[in-house]
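# Structural features, examined
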Amino acid sequence: MPEKFAICLLASEVEPLSKTGGLGDVAGALTRYLHGAGHDVRMFTPAYDFIDLAACSAEPVARLGQIPLPMGDRTYLFSVLRALLPQGAPAYLIHCPALFARGAIYTSDPDEHVRFLLLTRAALIACQRLGFAPQIVHCNDWHTAFAPLYLRTIYADEPLFRRALSVLTIHNIGYQGIFPATQVANLGLPPAAQPLLYQPDFAAGRINALRHGILYADTITTVSPTHAREICSDEYGMGLQDSLRARAARGEVSGILNGVDYAEWDPRRDRYLPLHYDADSLAVKAQLKRRLCARRGLEGSADVPLAGMVSRLAVQKGIELLFDALPRVLEDRPLSLVVLGSGEPRYEQFFSALEQRFAGRVSFQSGYDDELAHWIEAASDMFLMPSRYEPCGLNQMYSLRYGTVPIVRRTGGLADSVEHYDAASGRGTGVVFNDFEAGALEWALNTALDLYALPAHWRRMIRNGMQCDFSWQHQGEQYVALYARLTA
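Residues numbered from 1 in each chain as written. Predicted model: local features only at pLDDT ≥ 70, side-chain atom pairs only at ≥ 80, totals over all residues. Heavy atoms only, no water.

## As for the overall build of the chain
A tally of helices and strands in the chain yields 17 helices and 18 strands. Relative to the globule expectation of 23 Å for 488 residues, the C-alpha radius of gyration of the chain, 23 Å, shows essentially globular dimensions. Principal axes of the C-alpha set define a box for the chain whose edges measure 70 × 45 × 40 Å. Expressed as a percentage of contacts within the chain between residues at least 6 apart in sequence, the contacts between residues at least 24 apart total 73%. About 18,800 Å² of surface is accessible on the chain, with carbon and sulfur atoms providing 51% of the total. Of note, the chain has its 45 positive side-chain charges centred 3 Å away from the centre of its 52 negative side-chain charges. (Helix = DSSP H or I, 4+ residues; strand = E, 2+ residues; numbered from the N terminus. Rg over C-alpha atoms; globule rule 2.2 N^0.38 Å. Contact = heavy atoms within 4.5 Å. Areas by Shrake-Rupley, 256 points an atom, 1.4 Å probe, with all protein chains shown as cover. Lys, Arg positive; Asp, Glu negative; His and termini not counted. Charge placed at Lys NZ, Arg CZ, Asp CG, Glu CD.)

## Remarks on the packing of helix H10 (residues 322-332) against helix H15 (residues 438-452)
Relative orientation of the contacting elements H10 and H15 amounts to 35°, with a least axis distance of 8 Å. Read as a crossing pair, H10 and H15 show a hand that is right-handed. Facing H10, whose interface residues are Leu322, Asp324, Ala325, Leu326, Arg328 and Val329, H15 presents Ala438, Leu441, Glu442, Leu445, Asn446 and Leu449. Here the contact of H10 with H15 is composed, by residue class, of eight nonpolar, one polar and three charged. (Axes fitted to C-alpha atoms, helices over the stretch in contact; angles between N-to-C directions. Left-handed = near helix turned anticlockwise from the far one by under 90°. Nonpolar A, V, L, I, M, F, W, Y, C, P; charged D, E, K, R; others polar.)

## Some details on the side chain of serine 311
Within the element layout of this structure, serine 311 appears in strand E13 (residues 306-313). Residue serine 311 is classed as buried on the basis of its relative accessible area of 16%. Ignoring sequence-local partners within four residues, the contact set of serine 311 consists of Lys317, Leu340, Gly341 and Ser342. (Buried < 20%, exposed > 50% of the residue type's maximum accessible area, 1.4 Å probe, protein only.)

## Some points on the nonpolar core
Among the nonpolar cores identified, the biggest contains 97 residues, and Phe78, Leu118, Phe146 and Leu187 are the most heavily contacted of them. If one sorts the elements of this core by residue count, helix H3 (residues 112-130) sits on top with eleven residues. When near neighbours in sequence (up to four residues on either side) are disregarded, phenylalanine 146 contacts Leu117, Thr120, Phe179, Leu187, Leu197, Ile207, Ala209 and His212. Counting residues in hydrophobic clusters, the runner-up holds 76 residues, among them Val338, Phe383, Val418 and Phe470. (Core = buried A, V, L, I, M, F, W, Y, C linked by side-chain atoms within 4.5 Å.)

## Considering the packing of aromatic side chains
Using the criterion set out here, one finds 17 aromatic pairs in the structure. Ring plane angle 5° and centroid distance 5.4 Å describe the contact between tyrosine 48 and phenylalanine 50, whose orientation is recorded as stacked. A relative accessible area of 1% means that tyrosine 48 is categorised as buried. In this structure phenylalanine 50 comes out as partly exposed when scored by relative accessible area, which is 37%. Each ring, one from tyrosine 48 and one from phenylalanine 100, has its centre 5.8 Å from the other, and the planes form 80°; the classification is edge-to-face. Of the two residues, tyrosine 48 is situated in the loop between strand E2 (40-46) and strand E3 (59-60) and phenylalanine 100 in helix H2 (residues 97-100); the sequence distance between them amounts to 52 residues. For phenylalanine 100, a relative accessible area of 1% puts it in the buried group. One aromatic cluster is present, formed by Tyr48, Phe50, Phe100, Tyr106, Phe116 and Trp142 through successive ring pairs. (Phe/Tyr/Trp six-rings, centres within 6.5 Å; stacked < 30°, edge-to-face > 60°.)

## Side note on the pairing of strand E1 (residues 6-10)
Within E1, five of the five residues are buried, leaving the element largely enclosed by the surrounding structure. Neither face of E1 is left uncovered, since the one carrying Ala6, Cys8 and Leu10 and the one carrying Ile7 and Leu9 both have all their residues buried. With five bridges connecting them, E1 and E2 associate as parallel partners. Note on E2: the bridge partner recorded for leucine 10 is phenylalanine 44. With respect to chirality, the unit in which E1 leads through helix H1 (residues 22-36) into the neighbouring parallel E2 is right-handed. As defined by bridge partners, E1 adjoins strand E7 (residues 136-140) across four bridges and the pair is classed as parallel. (Pairing = 2+ DSSP bridges. Right-handed = clockwise from strand over helix to strand, strands pointing away.)

## Section: the sheet that holds strand E14 (residues 336-343)
In space, the six strands of this open sheet follow the order E15-E14-E13-E16-E17-E18, with parallel pairing throughout. What marks the edges here is a single partner per strand, and that holds for strand E15 (362-366) and strand E18 (431-433). Strand-to-strand twist across the sheet, computed as the mean angle between neighbouring axes with direction ignored, equals 15°. Direction of pairing for strand E17 (residues 405-409) relative to E18: parallel, over a ladder of three bridges. Bridge pairing in E18 links valine 408 to valine 432. Strand contacts of helix H12 (residues 370-379): E13, E14, E15 and strand E16 (382-385), with the helix running at about 145° to E13, the strand carrying the most contacts.

## Regarding the state of the cysteines
Under the criterion given, the structure shown has zero disulfides. Free of any disulfide, cysteine 8 has its nearest cysteine sulfur in cysteine 127, 3.9 Å distant. A relative accessible area of 0% means that cysteine 8 is categorised as buried. For the unlinked cysteine cysteine 392, the closest cysteine sulfur is that of cysteine 468, found at 13 Å. (Disulfide = S-S within 2.5 Å.)

## Remarks on the packing of H1 against helix H17 (residues 472-487)
Two elements in contact, H1 and H17, have axes whose closest approach is 10 Å; the angle formed by their N-to-C orientations is 75°. By the angle between their axes, H1 is roughly perpendicular relative to H17. When H1 is examined against H17, the residues Val26, Ala29, Leu30, Tyr33 and Leu34 are found in contact with a partner set consisting of Trp472, Gln473, Gly476, Glu477, Tyr479, Val480 and Tyr483. Taken together, the residues that form the contact of H1 with H17 break down as nine nonpolar, two polar and one charged. (Parallel < 35°, antiparallel > 145°, perpendicular 65-115°, else oblique.)

## Brief notes about the environment of arginine 74
Topologically, arginine 74 is positioned in strand E5 (residues 74-84). In this structure the C-alpha to C-alpha distance between arginine 74 and leucine 282, which are 208 residues apart in sequence, comes to 60 Å. With near-sequence residues (within four places) excluded, arginine 74 lies in contact with Leu69 and Ala98.

## With respect to the pattern of salt bridges
Scanning the entire structure with this criterion turns up 27 salt bridges. A salt bridge links arginine 32 to glutamate 15; its shortest N-O distance comes to 3.5 Å. Of this pair, arginine 32 sits in helix H1 while glutamate 15 sits in the loop between E1 and H1, and the two are 17 residues apart along the sequence. A salt bridge links aspartate 218 to arginine 152; its shortest N-O distance comes to 3.6 Å. Here the residue aspartate 218 occupies a position in the loop between helix H6 (209-216) and strand E11 (219-222), and arginine 152 occupies one in helix H4 (residues 147-152), the gap between them amounting to 66 residues. For aspartate 218, a relative accessible area of 25% gives the class partly exposed. Its relative accessible area of 45% is what places arginine 152 among the partly exposed residues. (Salt bridge = Lys/Arg side-chain N within 4 Å of Asp/Glu carboxyl O.)

Everything listed here is a matter of coordinates, which is why it stays silent on function.
Here is the structure:
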């Protein structure tokens, strides 16, 4: 029988309790997969004030109430609640209103680092008091990246952690948790351990949380094989490439593509859709397209393809490539566009102006709407993701399952999950372009439109994509294999 592991997972967001993006999706899905596979997994995450505690059956844990934790010049009190994720997976919520009752997951408050240092320390304290001896402590992003250093210092003599090995997963290297070196006391490290802090940063007056995870975790993963190589380069390393290259040279940086929750994202049973379909009933997809276009006031004929976007409107997502390419294509070719997203004002203004300029052909809704996101995936003919960098991305994998052809840049998880369609062989699942240039995106859009005009090729590409399987059954097994290698 495969070995069953005791795993302490730490994450700042966990779907369906809390979520801003892929981290929340992965943390929730991986916890559920590991629990379902028989592992003793405990997920620790904040009890944000917006979480419906009754809905997740949260109850106080005996002996884990009002625990004092000194951090710098202040002592915080925290309690632990035990909740249930879907499929019965356990989640332990760190309840500390002084830090987590702020109406949002992330803030720009000066004590932002304190919030997640407390999460990390509280999770390890809870393990102690529960008598839980994890073999794996799996932390995610900068928020919990000090866990590996804590295991080597504060908890080095704790018998429960004697066998514990640490994994750091980097979901987005662009966020590193940098705070002033004057706040070093918040870490709670003994004086003898302070030389373990990264001294070049410390001398420059800053502490970088993510870098310390990279330095001290037993192994490092990111959310796609291509991105694992990219973050070791000067272009994508975001200032951490020297530390990452040193770990990669020892074989300690790897990539595991994110999985998709097909219980939530599958056109055969999508709870947001009034009609369902598969690869043998694509006429239903065409009906959904007509309905969505009618709702959004767009041209919805079969001769006019509908492109969709659901995205954070941020520099990472490559929105500026659309500034020149999209108006030119809209002027020259039959195409409608529906966009859902929010973010930087200049990007929102671009889509608002595009909607006015191409009335009846472009629809933009600011914000996020889960139902509309599912409709866009189901009703669109193609999906745009021109990312500058994309550690993994999930929407391109959703699109493949929904028969919506992804148009992506060859980077990170987009490169690992979408294969450029080759008309000669009939292989491929989407349209992939290489260079981060408006002209390259314009070529990709025109290539997709040319293929749309060739129904046999378009159907073949759709069917290829709908056969792809990015389920957590496959991706979760890779994490378990990683744990097995690490503990061997």
